[in-house]
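# Chains, contacts and geometry: an overview
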Amino acid sequence: YQLNSPNGNISLKISVKEQVEWSLSFKQKPLVKNCTFNIKFNDESEFNQKLKVAKNTETKKTEIIVSEIPTKFKKLKVVYNKLVLDFKNKFSIEYRLYNNGFAYRIIGKHKKELIINDENISIEFPENCRILFPEEESLMSHYERLYIDEKLAKLKTGSFASLPLLAQTTDGYN
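Report follows, based on the coordinates. Quantities reported herein were computed from a predicted structural model and do not represent experimental measurements.

What follows is about the sheet that holds strand E13 (residues 166–168). In sheet architecture, strand pairing relies on hydrogen bonds along the backbone and comes in two forms, parallel and antiparallel. Here we have three strands laid out as an open sheet, ordered E12-E11-E13, and antiparallel in their pairing. Whereas interior strands pair on both sides, the edge strands pair on one side only; in this sheet they are strand E12 (148–151) and E13. Pairs of neighbouring strands in the sheet enclose a mean axial angle of 20°, with direction left out of account. Judged from the four bridges that link them, strand E11 (residues 130–133) and E12 form a sheet pairing that is antiparallel.

Following this line, the structure appears as C-alpha cells:
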C-alpha cells in the first residue's frame, strides 16, 4: 500500500505480512524505515496475530478546525490524505499524511473491553541522524528533562526517553 501527502512530498509505504511494516520518505529521501509495532491485550492476544486485510479505503480530506481558545488562528484549515486498512481481526489502522506531517492510529471494533498489557514500536532512522533526546530514568516523568543534542549513534545502548523526541536527517529534515 502507498499513500502520498496532498503536495506529493511525503510518501508512506506499508506492507502487511506477518506484521505491519511501514517506511516514510520526504522528496524520496528516507525519514524512517522498517517501522513495526505490536500490542498485546487481555493478557493473551496480540494485534499482529493472523493479520489479513479485509478492505482498504483511501480518501482526501479538508477540514476546518475551530479552536475554542485560539492562539494564532481561530479557524485552522487541515488538508490530508487518509488510508484506512481494515483487518479481519476487528482492528483497523488509519494513516494520515499532511503536507508537513504524518499520523496513525489503531482502531478497535470489539464489543468487549480491551486491556492493553504491552505495546512495542520499532523505528529505524537513517544513519547519522541528529537527535534531541529527553533522557529519563524511569516511566515516572514530569516532562521537564533537558534534551540531549547528539548523534543517534552516540547514545548509549539501553538509553530511555520520554516523548516527544526530535530526529533530524543529514539532509536537515525533521
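What follows is about a nonpolar patch on the surface. Together, Ile65, Phe73 and Leu76 make up an exposed nonpolar region whose accessible area comes to about 290 Å². Summarising the element assignment, Phe73 is placed in the loop between strand E6 (53–66) and strand E7 (75–87).

Let us now look at empty space enclosed by the protein. To find leftover empty space, a probe the size of one water molecule is rolled over the atoms. This structure, assessed with the given rule, holds one cavity of 30 Å³ or more. Volume-wise, the largest cavity comes out at about 30 Å³. As for the largest cavity, its lining consists of Phe37, Asn38, Ile39, Tyr104, Ile106, Glu119, Asn120 and Ile121. Secondary-structure elements contributing two or more residues to the lining of the largest cavity are strand E4 (29–41), strand E9 (101–108) and strand E10 (116–124). Of the residues contributing to the lining of the largest cavity, the split by class is five nonpolar, two polar and one charged.

Applying the stated rule across the entire model yields eight salt bridges. In this structure, the salt-bridge partner of Asp171 is Lys29, at a minimum N-O distance of 3.8 Å. Residue Asp171 is found in the segment after E13, and its partner Lys29 is found in strand E4; the two are separated by 142 residues along the sequence. Exposure remark for Lys29: the relative accessible area of 36% places this residue in the partly exposed category. Across the salt bridge formed by Arg96 and Glu94, the nearest N and O atoms sit 2.7 Å from each other.

Calculation criteria
Residues numbered from 1 in each chain as written. Predicted model: local features only at pLDDT ≥ 70, side-chain atom pairs only at ≥ 80, totals over all residues. Heavy atoms only, no water. Pairing = 2+ DSSP bridges. Helix = DSSP H or I, 4+ residues; strand = E, 2+ residues; numbered from the N terminus. Axes fitted to C-alpha atoms, helices over the stretch in contact; angles between N-to-C directions. Patch = residues over 30% accessible without salt bridge, like charges linked within 9 Å, V, L, I, M, F, W, Y side chains within 5 Å. Areas by Shrake-Rupley, 256 points an atom, 1.4 Å probe, with all protein chains shown as cover. Salt bridge = Lys/Arg side-chain N within 4 Å of Asp/Glu carboxyl O. 1 Å grid on protein atoms, 1.4 Å probe; cavity = no way out; pocket = protein on both sides within 12 Å on 5 of 7 lines; lining within 4 Å. Points joined across faces, edges and corners; volume = space filled by probe spheres on them. Nonpolar A, V, L, I, M, F, W, Y, C, P; charged D, E, K, R; others polar. Buried < 20%, exposed > 50% of the residue type's maximum accessible area, 1.4 Å probe, protein only.

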